[in-house]
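What follows is the residue order along each chain.
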Amino acid sequence: MMNNHFADIILPLAVKGKFTYRIPEGLIDKVLPGSRVLVQFGSKKLYSGIVRAIHENSPDIPNVRTLIEVLDPAPAANEIMLKFWSWISEYYMCTGGEVIKAALPSVLCLEGETTVPVVEKYKPRKEPFITLASAFTDRELSEMLDALSRAPRQQAVLTAWLSLSGYSEGLEIRPVRKWELLKQGGNSPGALEGLIKKGILSTVIIEVGRLDEVPVTPEPLRILSGSQEKALNAIHKIFMEKGIALLHGVTSSGKTEIYIHLIEEQLSRGKQVLYLLPEIGLTTQIILRLRMHFSRVTGVYHSRFSEPEKAEIWNRVALKDPTKGYQLILGVRSALFLPFSDLGLIIVDEEQDSSYKQNDPAPRYNARDSAVVLAGLHGAKTILGSASPSIESYNNALSGKYGLVELNERFGAVRLPDIIIANSREAYRKKLMVSHFTPELLEVIDEALGNNEQVILFQNRRGFSPYIECPECGWIPKCVQCAVNLTYHKGINRMVCHYCGYSTGMPAHCGNCHSPGLATRGFGTEKVEDEIRIVFPSARVARMDHDTTRGKNSFNRLLGAFEERQIDIMIGTQMISKGLDFENLTVVGVLNADNMLNFPDFRAHERSFQLMEQVSGRAGRRNKPGKVVIQTSDPTHKIIRLVLRHDYKTMFRMQADERRLFNYPPFCRMIRISIKHKDRSLLNKFSEILGRDLKSLFGNRILGPEFPLISQVQLWYIKTILVKLEREKPVAPAKQSISEAIERLEKEQGASSLRIAIDVDPY
Ligand code: ADP
Ligand code: ZN
Ligand code: ZN
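Conventions we followed
Residues numbered from 1 in each chain as written. Chains lettered and ligands numbered in written order. Predicted model: local features only at pLDDT ≥ 70, side-chain atom pairs only at ≥ 80, totals over all residues. Heavy atoms only, no water. Pairing = 2+ DSSP bridges. Helix = DSSP H or I, 4+ residues; strand = E, 2+ residues; numbered from the N terminus. Axes fitted to C-alpha atoms, helices over the stretch in contact; angles between N-to-C directions. Buried < 20%, exposed > 50% of the residue type's maximum accessible area, 1.4 Å probe, protein only. Arc of directions from axis to C-beta. Contact = heavy atoms within 4.5 Å. Donors = N, O, S within 2.8 Å, 3.2 Å for Na, K, Ca; no water. Salt bridge = Lys/Arg side-chain N within 4 Å of Asp/Glu carboxyl O. Near = heavy atom within 4 Å. Polar contact = N/O pair within 3.5 Å; in protein donor to acceptor, adjacent residues only side chain to side chain.

*Asks:* Looking at this model, I keep getting lost on the sheet that holds strand E16 (residues 403–407). Mind explaining?
*Replies:* What links the strands of a sheet is backbone hydrogen bonding, and the strands pair in either a parallel or an antiparallel sense. The strand order across the open sheet formed by seven strands is E12-E13-E11-E14-E15-E10-E16, and the pairing between neighbours is parallel. Edge positions in the sheet fall to strand E12 (298–301) and E16, since each has one partner strand and no second. Taken over all neighbouring pairs, the strand axes of this sheet differ in orientation by 15° on average, direction set aside. Inspection of the sheet shows strand E11 (residues 272–276) paired to strand E14 (residues 343–349) by five bridges, in the parallel sense. Bridge assignment links Tyr 275 to a residue of E14, and that residue is Ile 347.

*Asks:* When you look at helix H16 (residues 554–563) in this model, what are you seeing that I'm missing?
*Replies:* Given 3.6 residues per turn, any residue in an α-helix points the same way as the ones three and four places further on. Burial in H16 covers these residues: Ser 554, Phe 555, Leu 558, Leu 559, Ala 561 and Phe 562. Angular distribution of buried residues about the axis of H16 spans 160°; they occupy a single face of the element. In the stretch just after H16, Arg 565 is the one whose phi turns positive, near 65°.

*Asks:* In this structure, what is going on with the sheet that holds strand E27 (residues 627–632)? I would like to understand it.
*Replies:* Taken in spatial order, the six strands make up an open sheet running E17-E27-E26-E18-E25-E24, and their pairing is parallel. Because the sheet does not close on itself, it has two edges, and the strands there are strand E17 (418–423) and strand E24 (541–544). When strand polarity is set aside, the average angle formed by the axes of neighbouring strands in this sheet is 20°. Packed on one face of the sheet, H16 meets strand E18 (454–458), E24, strand E25 (569–572) and strand E26 (585–590) and runs near 145° to E24.

*Asks:* I'm lost on the coordination of the zinc ion (ligand 3) in this one. Help?
*Replies:* Six octahedral donors around a metal ideally make angles of 90 or 180 degrees; four tetrahedral donors ideally make 109.5 degrees. Taken together, the protein ligands of the zinc ion (ligand 3) are Cys 470 (SG), Cys 473 (SG), Cys 510 (SG) and Cys 513 (SG), with distances of 2.3 Å. Site description for the zinc ion (ligand 3): donor spacing in sequence, C-x2-C-x36-C-x2-C. One end of the pair, Cys 473, is in the loop between strand E19 (467–469) and strand E20 (487–489); the other, Cys 513, is in the loop between strand E22 (503–505) and strand E23 (519–521), with 40 residues separating them in the sequence. Here Cys 473 falls in the partly exposed class, since its relative accessible area comes to 34%. On the accessibility criterion, Cys 513 (34% relative accessible area) is partly exposed.

*Asks:* Which parts of the structure should I look at to understand the pattern of salt bridges?
*Replies:* Note that side chains of opposite charge can pair when their charged atoms are close. Enumeration according to the criterion identifies 33 salt bridges in this entry. With its nearest N and O atoms 2.7 Å apart, the salt bridge here joins Glu 469 to Arg 521. Separated by 52 residues along the polypeptide, Glu 469 in strand E19 and Arg 521 in strand E23 bring together distant segments of the chain. According to the relative accessible area criterion, Glu 469 is buried, its value standing at 18%. Between Glu 529 and Arg 543 there is a salt bridge, with the nearest N and O atoms lying 2.6 Å from each other. One end of the pair, Glu 529, is in helix H15 (residues 525–535); the other, Arg 543, is in strand E24, and 14 residues separate them in sequence. A relative accessible area of 12% means that Glu 529 is categorised as buried.

*Asks:* Any chance you could explain the site of ligand 1 here in plain terms?
*Replies:* Around ligand 1 sit 18 residues in total, of which Arg 222, Ile 223, Ser 252, Thr 256 and Arg 289 are the nearest. Arg 222 is positioned with one of its side-chain polar atoms (N or O) 2.6 Å from an oxygen atom of ligand 1. The separation between a nitrogen atom of ligand 1 and a polar main-chain atom of Ile 223 is 2.8 Å. At three residues, helix H8 (residues 255–268) tops the list of elements feeding residues into the shell around ligand 1.

*Asks:* Can you walk me through the environment of Ser 633 in this structure?
*Replies:* With respect to the helices and strands, Ser 633 occurs in the loop between E27 and helix H19 (638–644). For the pair Ser 633 and Arg 462, spaced 171 residues apart in sequence, the C-alpha to C-alpha distance is 21 Å. The contacts of Ser 633, once residues within four sequence positions are left out, are Asn 423, Ser 424, Arg 425 and Asp 594.

Put into C-alpha cells, the structure is as follows:
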C-alpha cells in the first residue's frame with residue numbers, strides 16, 4: 001500500500017512547472033520543507049532539489065516518482081528563505097529553479113545520471129599537522145634534544161616544532177601545520193620522517209577552514225559628531241514607526257560610521273546584519289573598518305570566491321552558534337541569498353548603484369528592492385544610504401513610504417572639492433588640447449604631482465578606442481555576431497566586442513573601399529593611459545578597469561599600490577568612482593562628461609549627476625582640499641550646472657517632473673520582454689504575434705516590438721516589447737496575463753527556437 005505523503009520540489013533548472021514526488025515510508029520524518037533531496041528527473045538524470053512544501057494531495061498524474069534520499073541532516077533552507085525565493089520568482093517572473101541556481105552555492109547543487117552514483121561536491125579541506133607523539137615532560141624533551149646532537153637536522157625540526165607550538169610541560173599540545181614546520185625547521189622532510197619513526201612527533205589530519213582570517217582585538221566605536229549623532233537618533237525614531245530609512249549624506253559625512261553604530265546595536269542583541277555594497281572592489285576598504293570592531297563575527301561574500309569557499313561562508317552563516325558563525329556579512333547582491341535566520345538590519349550602501357540590478361541570467365532582480373522585502377520577512381529594518389539617492393528611493397522618502405535622514409556636512413568640516421568645468425570644445429577650437437586633456441586639467445595634475453599628491457582620471461569606456469573608422473568612406477568594423485562596433489585594444493593589438501568577447505586582428509585595409517590607414521576614433525581608458533604617460537613621462541601611471549582586474553586579487557593589489565603611493569595617476573572606469581577613500585588623492589578628472597549625459601536611456605541625466613558627485617567625493621577627503629575637473633563640450637548643460645552647486649534637490653525635481661510627464665518609473669511600472677531568434681524574419685513574425693496579443697490586453701501601454709540599441713548579440717537578433725503599467729494598480733494580474741500571452745506564443749509552430757526573457761523593473 002502506497003503512502004500519501006508528497007513533496008513539491010524546486011529543481012535547479014530553468015523549466016517551468018511544479019515537480020511533485022512521493023516521500024518513501026522511511027523518509028517521512030526526515031523530509032522537511034527546505035530539505036535538500038535527491039530525485040530523478042527525466043529518463044535518467046538525477047538532481048538535488050529543495051523541498052518547497054509537503055502535503056497529502058496526490059498529483060493528478062500516473063506513476064508519481066518517489067524521491068531517492070535526503071542529503072543533509074537538517075534542511076538547507078529555512079522558512080524565510082523559502083518565502084523569499086517564492087517572492088523573487090513571482091515578482092521577477094522567473095522559475096523557482098532559476099532562483100535556487102542563483103541562491104545556492106553550486107557545490108550544493110548535485111547533478112548526475114541514474115547509472116552513476118552522485119557524489120557530494122563539497123569537501124571540507126583537510127591538512128596534515130604535526131604534533132607531539134605524547135605529552136613529554138620538559139626534562140624528557142631536553143634529553144631528546146641533547147640526544148639529537150648528532151642528527152642536527154632532526155634537532156632543528158624538533159626545535160622549530162617547540163617554538164611554533166609554544167609547548168611546555170603541562171600545557172595543551174597544539175599541532176603545527178606541516179608546511180609551516182618544514183619551512184621553519186630547515187626544509188628537510190627526511191628529518192621530520194626520522195622524528196616520526198622515533199616516536200617523538202606524529203602526523204594528524206585536521207579539517208581547516210578555507211577562510212583564514214586572524215581575529216583582532218575589537219576597538220571601541222568612534223564617538224559620533226553632533227550631526228552624526230542627530231542622524232543616528234533620527235534613524236532610531238524612524239525605525240519605531242517604519243521599516244525603511246533613507247540616509248542621504250554627502251560623501252565623507254560619516255554614513256559608514258553611522259552604519260557601524262547601528263551594526264553594534266544589532267549584534268549586541270544577538271541579531272544578524274547584512275551590509276550590501278554594489279561592487280567587490282568596495283569591500284576591501286570597508287572590511288578593514290568593520291573588522292576593527294567586529295572581526296570575530298564578520299564574513300565577506302562575493303563572486304570571486306571559489307565555490308568551496310562560498311559553501312563554507314554559507315555554512316558559517318547557517319551556524320546557530322554565535323561564537324563560530326558569521327553574524328555580520330559584507331557582500332554584493334548575491335549575499336541576499338545566504339541562509340540568514342535572524343536578521344535585524346540590512347544596510348544597502350550606495351543604494352542608487354546600477355550594479356544592484358542583475359541583468360542576466362534570471363532572476364533579474366534588484367538587490368536593493370529585494371533587500372527591503374527580505375528585511376520585511378525577518379521583521380528587520382533596512383537602511384538605504386547614498387550621497388545622491390536614486391530618483392525612486394528619494395521619491396519614496398518624500399511620499400512618506402521611507403523615512404528620510406539628511407547629513408549635509410562632511411566629517412571634520414572637510415571642504416567639498418572645488419569643481420572646475422573645462423570646455424573641451426573651446427580648447428579644441430583654440431588648439432589648446434594636448435591629446436584628450438584640457439589646459440585646466442593639465443594644470444591641476446601638474447600641480448598635484450609637484451606636491452607629491454595623487455590623481456584619478458575617470459573615463460567610462462575601456463579599451464583604447466571605442467571604434468575604428470575608414471577616413472575615406474566612413475566604414476566601421478563591427479562584430480561578426482553582434483550589431484556592435486568593435487573596440488580597439490592596443491595592448492593586445494586586437495579589436496574586441498564588449499558584448500560577446502569576439503576579437504579579431506586590426507585590418508590593414510578598409511573592408512569597404514580598401515583604402516589603407518584606418519583611424520582610431522574616440523578614447524578609452526587604455527588610450528588615456530598611453531597618452532598621459534607621454535604628457536607626464538616621470539609619473540607612475542596605472543589603470544583600473546574590467547581588463548586589469550580580472551584576477552581575484554588584482555583589485556586589491558591596485559588599490560594597495562595606490563594607497564602606498566606607488567601610483568601617481570590612476571585611470572579607470574566607474575569602478576574607481578565608488579567609495580574609495582585615499583588620504584593623498586587631491587585631483588579627480590572626468591575626461592568626457594558628454595558621452596554619459598548623451599547616453600540614450602531615461603536615467604542618463606540622473607546617472608551622470610550621481611557619477612560626477614561620486615567621483616568628486618573622492619578628492620580631498622581628509623585634510624587636503626581637492627579639485628575636480630570636468631571636461632565637457634557643453635559647460636552650460638543643466639546637469640553640469642547642478643553638479644557645480646551639488647544641488648541634488650533641484651536635480652531630483654527636474655528629473656521627477658520629466659518622468660511624470662513622459663510616464664517613466666517611478667511613476668509607472670515597467671516590464672521588458674526581450675525575444676531572440678537567429679532568424680531575423682522569424683523573429684519579426686513571432687514578436688509581432690506577441691505584440692498584437694499584448695496590445696489586445698493592454699492597449700497603448702505596450703510599446704514595440706522594436707529592435708533595441710544593440711539589436712544583435714552572438715548571432716541572436718533581439719526585439720523588445722515594453723509594458724508600462726500604472727503604479728496604483730495591482731501588478732500581479734498583469735503579470736499573469738503577460739505570462740499567459742507568452743505561453744500562447746510558445747505554443748505556435750516553430751516558436752520553440754525562440755528565447756524569451758522577462759525583465760521586471762529593467763532599469
Ligand atoms: P561616508 O560613508 O559618508 O563617505 P565615512 O564614514 O567613510 O563617510 O567617513 C569619512 C571619513 O571620516 C572616514 O575616514 C572616517 O573614518 C572619518 N570619520 C567619520 N566620522 C567619524 C567620527 N565620528 N570619528 C572619527 N572619524 C570619523
Ligand atoms: Zn559580439
Ligand atoms: Zn573605406
